[in-house]
Amino acid sequence: MLVMLEKIYFLLLLFVIITKCVKTEILDDCNLPTDLIKEIQSYRPTVNRIIDSVTKGKHKGKVYNELVDFVDKFGARVSGTKNLEDSIDYLIELMKNNGISNIRGENVTVPHWIRGEEYAQLIEPRRTKIGVLGLGSTVPTPPEGLQAEVLVVRSFEELNQPNVSAAIRGKIVVFNYQFERYGKSVQYRSSGAAEASKHGAVAVLVKSVAPFSMYTLHTGYQRHQTGVKKIPAASITIEDANMFQRYQDRGQKIILKLNINSETLPDAISRNVIAEIRGSQKPNKIVVVSGHSDSWDVGVGAMDDGGGAFISWYSLALLNDLGLKPKRTIRLILWAAEEPGFIGAQAYDKEHKNELSDFTFVMEADEGTFTPLGIEYTAGKRGGCVLKEIVKLLAPINATKVQYSNSVGSDIAMWAQKIPIAGLLNDNRHYFWYHHSAADTIDILDSDTLDKATAVWAVVAYVVADLRDEFPREFEDISKLTSVSLLNKLKDAQQKHN
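Residues numbered from 1 in each chain as written. Predicted model: local features only at pLDDT ≥ 70, side-chain atom pairs only at ≥ 80, totals over all residues. Heavy atoms only, no water.

J.: So what exactly am I meant to see when it comes to the overall build of the protein here?
T.: When you go through the protein residue by residue, the secondary structure sums to 15 helices and 15 strands. Projecting the C-alpha coordinates of the protein onto the three principal axes gives extents of approximately 70 × 45 × 40 Å. The burial tally for the protein puts 62% of its 498 residues in the buried class. A fraction of 85% describes how many contacts in the protein between residues 6 or more apart in sequence connect residues 24 or more apart. If you sum the accessible surface of the protein, you get close to 19000 Å²; carbon and sulfur atoms cover 48% of it. (Helix = DSSP H or I, 4+ residues; strand = E, 2+ residues; numbered from the N terminus. Buried < 20%, exposed > 50% of the residue type's maximum accessible area, 1.4 Å probe, protein only. Contact = heavy atoms within 4.5 Å. Areas by Shrake-Rupley, 256 points an atom, 1.4 Å probe, with all protein chains shown as cover.)

J.: Help me out: how do you make sense of the side chain of Arg189 in this one?
T.: Mapped onto the fold, Arg189 is located in helix 8 (residues 182-197). The charged side chain of Arg189 is buried without a salt bridge, its nearest counter-charge being Glu339 at 6.7 Å. One polar contact links the side chain of Arg189 to the main-chain carbonyl oxygen of Tyr221, over a distance of 3.1 Å. (Lys, Arg positive; Asp, Glu negative; His and termini not counted. Salt bridge = Lys/Arg side-chain N within 4 Å of Asp/Glu carboxyl O. Polar contact = N/O pair within 3.5 Å; in protein donor to acceptor, adjacent residues only side chain to side chain.)

J.: Looking at this structure, how should I read the packing of helix 4 (residues 62-74) against helix 14 (residues 447-466)?
T.: Two numbers describe a pair of packed helices, the interaxial angle and the distance between the axes. Across the interface, helix 4 lies against helix 14 with an axial gap of 7 Å and an inter-helix angle of 115°. Put simply, helix 4 runs roughly perpendicular to helix 14. On helix 14, the residues touching Lys62, Val63, Tyr64 and Leu67 of helix 4 are Ser447, Leu450, Asp451 and Thr454. Considering only residue class, the contact of helix 4 with helix 14 consists of 4 nonpolar, 2 polar and 2 charged. (Axes fitted to C-alpha atoms, helices over the stretch in contact; angles between N-to-C directions. Parallel < 35°, antiparallel > 145°, perpendicular 65-115°, else oblique. Nonpolar A, V, L, I, M, F, W, Y, C, P; charged D, E, K, R; others polar.)

J.: Just to check I follow, could you spell out the pairing of strand 6 (residues 172-175) for this structure?
T.: For a regular strand, side-chain orientation follows a simple rule: the groups alternate between the two sheet faces. With burial as the criterion, each face of strand 6 is covered, one bearing Ile172 and Val174 and the other bearing Val173 and Phe175. The sheet contact formed by strand 5 (residues 146-153) and strand 6 spans 4 bridges and is parallel. Note on strand 6: the bridge partner recorded for Val152 is Val174. One ladder, built from 4 bridges, connects strand 6 with strand 7 (residues 203-207); its direction is parallel. Bridged to Val174 within strand 7 is Leu205. The parallel pair strand 6 and strand 7 is bridged by helix 8, and the resulting crossover is right-handed. (Pairing = 2+ DSSP bridges. Right-handed = clockwise from strand over helix to strand, strands pointing away.)

J.: How should helix 2 (residues 34-41) be read in this particular structure?
T.: Side chains three or four residues apart in an α-helix point the same way, a direct result of the helix having 3.6 residues per turn. When we look at burial in helix 2, the residues that qualify are Leu36, Glu39 and Ile40. In a view along the axis of helix 2, the buried residues occupy a sector of 95°, so they form one face of it. In helix 2, the exposed positions that point more than 90 degrees away from the buried face belong to Thr34 and Lys38. On its buried face, helix 2 is in contact with helix 3 (44-55) and helix 12 (381-391). (Arc of directions from axis to C-beta.)

J.: Honestly, the packing of aromatic side chains in this entry has me stumped. Any pointers?
T.: Two numbers describe a pair of aromatic rings. These are the distance of the centres and the angle of the planes. Applying the stated rule across the entire model yields 22 aromatic pairs. A centroid spacing of 4.5 Å and a plane angle of 35° characterise the contact between Phe156 and Tyr188, whose relative ring orientation is tilted. A residue pair is termed long-range when its members are at least 10 positions apart, and Phe156 in helix 6 (residues 156-159) and Tyr188 in helix 8 qualify at 32 residues. The two residues Phe156 and Tyr188 agree in class, both being buried. Centroid distance Phe310 to Trp313: 5.6 Å. Interplanar angle 70°. Geometry classified as edge-to-face. Linking Phe310 with Trp313, this pair stays in helix 10 (residues 302-321), spanning 3 residues, or about one helical turn. The class of Phe310 is buried, set by a relative accessible area of 1%. Through pairs of rings, three or more aromatic residues link up here, namely Phe70, Phe74, Tyr90, Phe310, Trp313 and Tyr314. Positioned above the aromatic ring of Phe74 is the side chain of Lys73, whose terminal nitrogen or guanidinium carbon lies 5.6 Å from the ring centre. A cation over an aromatic ring shows up here: Lys207 above the ring of Tyr177, its NZ or CZ 5.0 Å from the ring centre. (Phe/Tyr/Trp six-rings, centres within 6.5 Å; stacked < 30°, edge-to-face > 60°. Lys NZ or Arg CZ within 6 Å of the ring centre and 35° of its normal.)

J.: Would you mind showing me how to read the pattern of salt bridges here?
T.: A pair can form between side chains of opposite charge whenever their charged atoms are brought close. Within this structure, the stated rule accounts for 24 salt bridges. One salt bridge connects Lys282 with Glu470, and the closest N-O pair in it is separated by 3.6 Å. Placement of the pair is Lys282 in strand 10 (residues 282-292) and Glu470 in the loop between helix 14 and helix 15 (484-497), with a sequence separation of 188 residues. By relative accessible area, Lys282 is classed as partly exposed at 30%. Because the salt bridges share partners, they merge into one network encompassing Asp35, Glu39, Arg468 and Asp469.

Structural data, given as structure tokens:
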């Protein structure tokens, strides 16, 4: 099953890579009915109650404090580990203690890869230790390590040039690509090892996928390809990748000793965690708020995705405490095993495929919980116009922007042309400074900011779930935005999996 999920993950990743840059505001000529605008405006007193309660009242600071306790207690929460499952048990009890009901876990089979000791030693042209961080699912080096000459390339195009390809066999390939944006540059992390292995490389080192570094190492998932020899793969810092480039440009020989100890254990059982505020009039119609519970093994996953998970479950606690029960059900989903390939989301899609037609709106917070600016969404223009009116209610916390994006969320991206989806639009310009690194700690988050993000999440979920009419189920013409053939491949892969 996981092999098929891995293929689906890669297609989703390609979709994100191709479409990540398409973000725009297209709402200059909204013409919503006057009665709908008035209905949305009528929620202002309720919205003010929500905002005031979490930014000034009894709930102020609670999201941050609970998240601090959580990450201090559990730290990193890696797919397949007992620590992740213990943290899920803790979350379930925490939600119960905060008045949330209808809590359940749905089992998901997940991969279990663990990191061992890692080091790299530059032998020539000088001797020095090099920071190295194995990429997720990498195979280990031999126990004694491996020593080889280094060849630096800047792109896949350069890798495939005949003169370069002929020189690769037996060498360690270093990818020193030019970072443009995460959605484009991540291809070197996800596919670099497999592509270099086709040319006979013995290992791969990938410049960390980040726009800024203070000698920071970033890990992340990397994909093996069927029929291609698996070789060790790790990240190095931007600084060291550039140094290797300078050595090579000077014509200096580079020799490196690399030792990576990692192990892939048998698949394990994790859980998607689900809870609800049951709808008062249309309980079978569902609005989803979500984040993912797992993290990488460096840092403590406070940002990715502790913040997103906590504003999601706390939104239900907040609405419940205020006695706000919308017409439709608001469902919380904390996804399992997002980091190794959206595995919990794929399992949920398969298990609940007959229910998805009743999902009216799906939200995921997985791109930071920094200063909230509003909402980004994938839906048709009418849906965007509805959201534009809703976020006007968030003026007290200056979160009134609405932005169209055809790459919202990670776990929920597969539903982009089936269900209206949305993410938290926030000032995450520094998100990739910390992403998948030891720097993902609670110190990069802020209590007041998390309160405001929770307010955005709770307000949008509540109003969409309580409006008289369903959220518009229409979409932009995807053929104008991205590769239809790619989406067809994704659809075919999902059908085979199902």
